[in-house]
Amino acid sequence: MDFDVIVIGGGVAGVSAALRASELGKTVALVERDQVGGECINRACIPSKTLIDAVKTVNRVSSSPWIVSSATLDYAKLNENKARIITAIKDRMEHNLNAKNVRVIKGNAKIKAQGEVEVEGKTITGDHLVLSTGSVPLSLPDFPLNGKNVLDPWTAMNLRELKNRIVIVGGGVAGVELATLFRALNKEVTILELMPQLLPGFDRDLASTTKKRLEEKGIRIYLNAKSKIINSDGTVKFSVNLPNASEEVEGDLAVVTIGRKASTENLNLKEIGVETDQRGYVKVDERGRTTNPKVFAAGDVAGVPLSATKAWRQGIVAGDNIGGKDSKMPKYIPSSIFADMEIGTVGKTLDDLKKAGIDAREVMVEMKDIPRAWTLNETEGFLKLVVAGNKIEGAHMIGEGATEVINTMALAMELGITITQLYSVTFSHPTVSEVIGEAIQRLTHGEIY
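Positions within a chain are numbered from 1, following the residues in the order the chain's sequence is written. Where local features are concerned, this predicted model is filtered to residues with pLDDT of at least 70; where side-chain atom pairs are given and counted, the filter is 80 or more; whole-chain, interface and lining totals use all residues. Here the side-chain values reflect all heavy atoms present in the structure, with hydrogen atoms and water set aside.

Participant: Can you walk me through the packing of aromatic side chains in this structure?
Facilitator: For any pair of aromatic rings, geometry is given as the distance between the ring centres together with the angle between the planes. Two rings belonging to Phe, Tyr or Trp (six-membered ring only in the last case) form a pair when the distance between their centres is within 6.5 Å. Interplanar angles under 30 degrees mark stacking, angles over 60 mark edge-to-face geometry, and anything in between is tilted. For the structure on display, the rule yields 1 aromatic pair. Judged by centre distance (6.4 Å) and plane angle (40°), the rings of Phe143 and Phe238 are tilted. Of this pair, Phe143 sits in the loop between β7 (135-137) and β8 (150-151) while Phe238 sits in strand β13 (residues 236-242), and the two are 95 residues apart along the sequence. Residue Phe143 is classed as buried on the basis of its relative accessible area of 6%. Categorising residues by exposure relies on relative accessible area from a 1.4 Å probe, with only protein chains included: less than 20% of the type maximum marks a residue as buried, more than 50% marks it as exposed, and the intermediate range marks it as partly exposed. According to the relative accessible area criterion, Phe238 is buried, its value standing at 0%. Here a helix means four or more residues in a row that DSSP labels H or I, a strand means two or more in a row labelled E, and each is numbered from the N terminus.

Next up, the structure:
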């Protein structure tokens, strides 16, 4: 064998799998056809957060009348900064791979047989394979991508210049984040969402608060909207069927944020005994192992949630198990959304538990009850804890610092810390994370703030 492990796909899942397997003494090759870091580093997570953080800085200045100044975004310079950040992170990633003796091979990978991978005409062999090829946008019949004015979200976000009227199909995580960004750049933004709430599947209060905030910013939101593109010559025209009406929506650019599929081209999964589910995602167990014990999968190719958070961890878990260290995926995977107000969520909603027949309750602390929120001039939002017995089953937050606070909640939930145990923890004052202490206080005895 040329290598102990061949990792196909150099996104965050592939990089973490390669590094972890190497740390545990395995010889590793990482095959990447484009750029190390994959979608997250080069086109999605890092670029989008760079842009949205800039937007938040401008918004903070404009909403602070005591700051005698004005602020606008120079989109060209902002994109230069985005490119610099991507390069810095990617350089560090490549340095780590080199330092851990992971051999990075550039080119398209094709699995020929068990343990045999062809890269640009040359065959390499490995005892174990890790599939981390990610996912790609679907071009759906009602929303055909054309590479011009009907685009996937990450292509649209990385445009050097944006058109004025933008219609976003889908009000999920990507749709909400991009709407925030485009509106802050003074674009006319419309969201078309098929389901009856924005952010389908999220806590209802969290979704309604997000909708209210976006509408206050001037974003038009259609819910229960069954839509399709009827013309994309020049402008993009949609027919939109609503519960009690039908109308036509027109934009200069359409961004389709729904529909992705596993990227499994050239993997020859059937030939190596790797099964997929009904949606085409590779089936894996809690250790990242596929139906072939010599093949692991991590990241988007291994199914939902399609997030870098899950991908990083799943890659580590796969690398652990290949290296002989028993490791399992965590029970709780937190999710962060960088909208106009940050959103963090982990675990179940109250509706989820009720549907499962579990007796549960919830407590909500509004951010206006927390002193630090006032000093930050951001008092909107809340933290909601969903509780069954003495355990927290879900945490859902919208507001300043939500994407950081939710990690503390994920820590407590993963370790099975009870409400009684959390009551003994003190949170520094004044901080946003005091909202956790206040929620526990209210669950246990009564409010302090």
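That shown, we press on.
Participant: Is there a simple way to explain the side chain of Glu434 in this structure?
Facilitator: Within the fold, Glu434 resides in helix α13 (residues 434-444). When charges are counted, Lys and Arg contribute as positive and Asp and Glu as negative, whereas His and the chain ends are disregarded. What makes a salt bridge here is a side-chain nitrogen of Lys or Arg within 4 Å of a carboxyl oxygen of Asp or Glu, nothing more. Buried and unpaired, Glu434 has no salt bridge, with Arg372 as the nearest side chain of opposite charge at 8.1 Å. Here a polar contact is recorded for every N or O atom pair within 3.5 Å, except that within protein the pair must consist of a potential hydrogen donor and a potential acceptor, and residues adjacent in sequence are included only if both atoms are side-chain atoms. Here His429 takes part through its side chain, which lies 2.9 Å from a polar atom of the side chain of Glu434.

Participant: In this structure, what is going on with the pattern of salt bridges? I would like to understand it.
Facilitator: It is possible for side chains bearing opposite charge to pair when their charged atoms get close. Inspection of the entire model under this criterion finds 30 salt bridges. Ionic pairing is found between Lys56 and Glu342, a salt bridge with its closest N-O pair at 3.1 Å. Of the two residues, Lys56 sits in helix α3 (residues 45-62) while Glu342 sits in strand β19 (residues 342-347), which places them 286 residues apart along the sequence. In this structure Lys56 comes out as buried when scored by relative accessible area, which is 16%. By relative accessible area, which is 9% here, Glu342 ends up buried. The partner of Glu275 in a salt bridge is Lys283, with the nearest N and O atoms 3.6 Å apart.

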